[in-house]
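Spelled out from the first residue to the last, the chains are:
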Amino acid sequence: MLKKNDEITLTIDAMTAEGSGIGRHDGMAVFVPNTAVGDTVLCHIIKAKKNYAVGKAYKVYEASPDRVAPDCPVAGRCGGCCYRHISYDAELRYKRQRVVDAFERIAHLSVDVLPVLGSEQTLRYRNKAQFPVALDKNRNPCFGFYAANTHRVVPCEDCLLQPELFGDVLTVVREWVIRRGITVYDEEAHRGLLRHVYIRQGHYSQQLMVCLVVNGDPTTSVPRLSFLIDALKDTIPGFTSLSVNYNPAKTNVILGRETEVIYGDGAIQDELLGCTFRLSPRSFYQVNTPQAEVLYGCAAEKAGLTGDEVLLDLYCGTGTIGLTMADKVKHLYGVEIVPEAVEDAKRNAAANGIENATFLCGDAADAAARLKADGVKADVILVDPPRKGLSEQLVHTIADFAPAKVVYVSCDPATLARDCARFAERGYIAHEAQPVDLFPRTAHVETVVLLTKQND
């Protein structure tokens, strides 16, 4: 049995879904972050359980052919990227294998998984960042990201996944914090004012918004915001909006329920596949705009719309996927549980002159059931759920609509495979899966699957 602090020589022969290497010692699985298939490493055991162990690679005896030198100064310490130590081609292979394994091991389905559609840009591709605020070892305010599995902030104000301009924004905010005596939030004590700095920029419009997340409610005074606004206007090209989000809760959730617009109209505009979208702080919007266009293009291709169909878009958010297909359908119905997102979807439809769209606010399963009870017949149903996937109730509700096609856009291969198995029980078969990489250097991968109704 392995014990904590044991040191062993380990060869890595597989990867986890989260991007850690897997080796075996006397039949026991040992998980080692920042390793690659083909590595032989000196592994220091930091956790030992009955059926598995977790280790840290202290030395690489023999390097995998996939290994490259990390290009980020905080690689391995920040909890964001897990693949900075391997080539991008290798990363795409690992991601495809993750989708293959999910269908084979979870769903027990034979599905053709195509090669991953990689991103042309693997650096500076994100259009949004949420930086936690902390005090560094010298008690100065700093911004960064949480170390893996902790809430310890690793200072990093120039993340290689973010536009360089975001670092300039943080420089301005830090100057405001220091000069105006803004206190920094202490999570353990639940004291201090500034919790997070949220930045979003339109990929095409280059409009930029800043949202300060503070510990308090709308009665909380945030000092000298006019100083911050003037500094951002003078320094940051495209600065359009400043908001304050109030989050007084002891929670891991970043945004609170109430947001006050301080400057601008509280949103930015951007384009996606020829449509214009209004984005507020709470709007869901894919963080890699060019790859989102690839993803949504795949979804449209799978849907095979001719102009005569009724399309039901569940989890529609601000309407991004459905509205880009609205010119190819007879009518679009969108369902979303976040009221602000529904209002944004309605505004987005109006802004793009789209008159054949109806958006409803509610739980996906309940709203879909209401639409069916009202006599709505959906020819194609599009789902883009959160990581937890679809509820079993919603799978049954979708199958009861008896659409010819279900297009499933997934951010988690495991729940996608589980749900495809549920659909198979209701006569809907997945023949092909198209992974799309929206998040280079991280473990995440999106996948589009077309499910078609089989004849009895």
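All residue numbers here refer to positions counted from 1 along the written sequence of the relevant chain. The model is predicted, so local features are restricted to residues of pLDDT at least 70 and side-chain atom pairs to those at 80 or more, both for listing and for counting; the totals for chains, interfaces and linings are taken over all residues. Heavy atoms throughout the structure, all of them, feed into the side-chain values; hydrogens and water do not.

Trainee: Could you clarify how one ought to interpret the packing of aromatic side chains in this entry?
Mentor: When we look at a pair of aromatic rings, we describe it by the centre distance and by the angle of the planes. Only rings of Phe, Tyr and Trp enter the pairing, Trp through its six-membered ring, and a pair is recorded when the two centres are within 6.5 Å. The plane angle decides the type: under 30 degrees is stacked, over 60 is edge-to-face, the rest tilted. For the structure on display, the rule yields 5 aromatic pairs. Ring centres of Phe131 and Phe145 lie 5.1 Å apart, and the angle between their planes is 45°; on these two criteria the pair is classed as tilted. Taken together, the residues Phe131 in strand β7 (residues 128-135) and Phe145 in strand β8 (residues 141-146) connect sequence positions 14 residues apart. Residue Phe145 is classed as buried on the basis of its relative accessible area of 15%. Positioned over the ring face of Phe227 is Arg180, at 4.4 Å from the centre of the ring. Sitting over the ring of Tyr185, Arg195 keeps its end group 4.2 Å from the ring centre. Elements are defined by DSSP. Helices are runs of H or I of four residues or more, strands are runs of E of two residues or more, and each kind is numbered from the N terminus. Residue burial is assigned from relative accessible area. The probe radius is 1.4 Å, only protein chains are included, and a residue is buried under 20% of its type maximum, exposed over 50%, and partly exposed in between. Only lysine NZ and arginine CZ atoms are considered, and such an atom sits over a ring when it is within 6 Å of the ring centre and within 35 degrees of the ring normal.

Trainee: What's the story with the layout of surface pockets in this structure? I'm lost.
Mentor: To locate leftover empty space, one rolls a probe as large as a water molecule over the atoms. Taken as a whole, the second largest pocket holds about 520 Å³ of empty space. Cavities and pockets were defined on a 1 Å grid built from protein atoms only: a cavity is a group of points that admits a 1.4 Å probe but offers it no way out, a pocket is an open group of points flanked by protein on both sides within 12 Å along at least five of seven lines, and a lining residue is one with an atom within 4 Å of any such point. What lines the second largest pocket is a set of 24 residues, and nearest its centre among them are Val133, Ala134, His151, Val153 and Tyr185. Elements supplying a minimum of two residues to the lining of the second largest pocket: β7, β8, β9 (153-155) and β10 (194-201). If you tally residues by element for the lining of the second largest pocket, the top one is β7, at 4 residues. Only Asp, Glu, Lys and Arg are considered charged in this grouping, and only Ala, Val, Leu, Ile, Met, Phe, Trp, Tyr, Cys and Pro are considered nonpolar; every other residue, Gly among them, is considered polar. Counted by class, the lining of the second largest pocket contains 12 nonpolar, 4 polar and 8 charged residues. Grid points are joined across faces, edges and corners, and a volume is the space filled by probe spheres set on the points.

Trainee: Is there a simple way to think about the side chain of Thr415 in this case?
Mentor: Summarising the element assignment, Thr415 is placed in helix α9 (residues 413-425). On the basis of relative accessible area, Thr415 is assigned to the buried category, the value being 13%. Contact between two residues is taken to exist if any of their heavy atoms lie within 4.5 Å; hydrogens are not considered. In contact with Thr415, not counting residues within four places along its chain, are Arg387, Lys388, Gly389 and Tyr408.

Trainee: Help me understand the side chain of Ser410 in this model?
Mentor: Residue position: Ser410 is located in strand β20 (residues 405-410). Separated by 2.9 Å, the side chain of Ser410 and the backbone oxygen of Asp412 make a polar contact. Not counting the four nearest positions on each side in its chain, Ser410 is found in contact with Leu416, Val445, Glu446 and Thr447. For the purposes of these results, a polar contact is taken to be a pair of N or O atoms within 3.5 Å, where, inside protein, one atom must be able to donate a hydrogen and its partner to accept one; residues adjacent in sequence count only when each atom of the pair is a side-chain atom.

Trainee: Would you explain the sheet that holds strand β2 (residues 21-25) in this entry?
Mentor: Working definition: the strands of a sheet are paired by backbone hydrogen bonds and lie parallel or antiparallel to each other. When DSSP finds at least two bridges between two strands, those strands are taken to pair. In spatial order, the strands read β1-β2-β3-β5-β4; together these 5 strands close into a barrel with mixed pairing. Neighbouring strand axes in the sheet, compared pairwise and without regard to direction, differ in orientation by 50° on average. Every axis corresponds to a line fitted to the C-alpha atoms, with the helix fit spanning only the stretch in contact, and the corresponding angles, defined between N-to-C directions, vary from 0 to 180 degrees.

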